[in-house]
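Close look at the chain arrangement
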Amino acid sequence: MTSAASVSRETPSEPSDDAGLLDALQHQVAVFARRAEQTRLGGVGQVRNSMDRAAYLLLNRLDREGPMGVKALAAGMGIDSSTVTRQVAPLVDSGLVKRTSHPEDGRAVVLELSARGLARLEEVRSSRRELMAQVTGGWTEEERNSFTTLLTRFNGALSARAAGLPSGDGGTGGDGYTDVTGVTGRTDEPEAGDRAAGEASRGAGTPS
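It should be emphasised that the depicted structure is a prediction, and the values quoted were computed from it without experimental measurement.

A few points about the nonpolar core
Judged by nonpolar contacts, the single largest core of 22 residues is most densely connected at L59, L62, L73, L91 and V97. Here the element with the most residues in this core is helix α3 (residues 53-65); it accounts for 6 residues. What V97 contacts, discounting residues up to four positions off in sequence, is L59, L62, V88, L91, V92, L111, E112 and S114.

In structure tokens:
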């Protein structure tokens, strides 16, 4: 007969179902990060990997939110203003983003997606959309929706943690969107900040 004392001694050494699930989760996140870096998830066809992550997220944000100043853009993306300034400079030089006067305060300058920038963004966005369609080709619409919703929530929790805020129920934070059509990650990874000028300049390119 097994005594209560022996059961008590054995229980701590046996991983709980929750611990096993969390181990599996962290492993899959690590695998995802590695494979995402290997493939860069940059789309398909001629424009595959033709725009780096920092440039894509900046253009995408301006398209979704409209013209805004550097501080507002930085706050919305969860990064500092100096990083945004470095990242946006080559986009302005290449004509994808333009600086204009604030409609309500002529002394203030805002960043706005140019017509060329919108065309370039849609080209890259379409390529990346096709990649996602191929990767999840065997999924149902419900599975795609569920995965997108949970990934958005996961990104929000990571953003909240990075900002020192309670993760709560996940949220969106950083540059995570609540809608299921535009899940993105934050842009404050080292490569997005430290290599922004060089990468964004190469990634901006011209419509092919």
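What about the side chain of D52?
Positionally, D52 belongs in the loop between α2 (17-39) and α3. According to the relative accessible area criterion, D52 is buried, its value standing at 4%. A polar side-chain atom of D52 sits 2.9 Å from the main-chain amide nitrogen of A54. At a separation of 3.2 Å, a polar atom in the side chain of D52 contacts the main-chain amide nitrogen of A55.

Overview of helix α5 (residues 81-93)
Because the α-helix completes a turn every 3.6 residues, residues three or four places apart line up on one side. Its 13 residues place the ends of α5 18 Å apart at the C-alpha level, agreeing with the 18 Å of an ideal helix rising 1.5 Å per residue. Along α5, the sharpest kink reaches roughly 25°, centred on Q87 and followed within four residues by the proline P90. Within the sequence span of α5, burial applies to T83, V84, Q87, V88, P90, L91 and V92.

Things to note about the packing of α3 against helix α6 (residues 115-135)
In a packed pair of helices, the relevant descriptors are the angle between the two axes and the axis-to-axis distance. With their axes 10 Å apart at the nearest point, α3 and α6 run at an angle of 110° to one another. As judged from the angle between their axes, α3 and α6 are roughly perpendicular. Read as a crossing pair, α3 and α6 show a hand that is left-handed. Every residue of α6 that contacts α3 at Y56, L59, N60 and D63 is listed here: L118, L121, V124, R125 and R128. Per-class residue counts for the contact of α3 with α6 are 5 nonpolar, 1 polar and 3 charged.

What about the environment of V97?
Tracing the sequence through the fold places V97 in strand β1 (residues 97-101). Residue classification places V97 among the buried positions, given a relative accessible area of 2%. The spatial distance from the C-alpha of V97 to the C-alpha of L118 is 9.0 Å, given a sequence separation of 21 residues.

What to know about α3
If you check α3, its first and last C-alpha atoms are 18 Å apart, about what 13 residues at 1.5 Å a residue would give, namely 18 Å. Within α3, burial applies to A54, A55, Y56, L57, L58, L59, N60, R61 and L62. N-capping of α3 is provided by D52, with a side-chain oxygen placed 2.9 Å from the backbone N of A54. Following α3 by one or two positions, G66 has its phi on the positive side, about 90°.

Let's talk about a nonpolar patch on the surface
Among the surface-exposed residues, L22, L25, V29, F154 and L158 lie close enough to one another that they form a single nonpolar patch of about 400 Å² accessible area. Counting residues per element, the nonpolar patch draws most heavily on α2, which supplies 3 residues. Relative to the helices and strands, V29 resides in helix α2. For V29, a relative accessible area of 31% corresponds to the partly exposed category.

About the cut-offs
Residues numbered from 1 in each chain as written. Predicted model: local features only at pLDDT ≥ 70, side-chain atom pairs only at ≥ 80, totals over all residues. Heavy atoms only, no water. Core = buried A, V, L, I, M, F, W, Y, C linked by side-chain atoms within 4.5 Å. Buried < 20%, exposed > 50% of the residue type's maximum accessible area, 1.4 Å probe, protein only. Helix = DSSP H or I, 4+ residues; strand = E, 2+ residues; numbered from the N terminus. Contact = heavy atoms within 4.5 Å. Polar contact = N/O pair within 3.5 Å; in protein donor to acceptor, adjacent residues only side chain to side chain. Expected span 1.5 Å × (residues − 1). Bend = angle between axes of the 7 residues up to and from the residue. Axes fitted to C-alpha atoms, helices over the stretch in contact; angles between N-to-C directions. Parallel < 35°, antiparallel > 145°, perpendicular 65-115°, else oblique. Left-handed = near helix turned anticlockwise from the far one by under 90°. Nonpolar A, V, L, I, M, F, W, Y, C, P; charged D, E, K, R; others polar. Patch = residues over 30% accessible without salt bridge, like charges linked within 9 Å, V, L, I, M, F, W, Y side chains within 5 Å. Areas by Shrake-Rupley, 256 points an atom, 1.4 Å probe, with all protein chains shown as cover. Salt bridge = Lys/Arg side-chain N within 4 Å of Asp/Glu carboxyl O.

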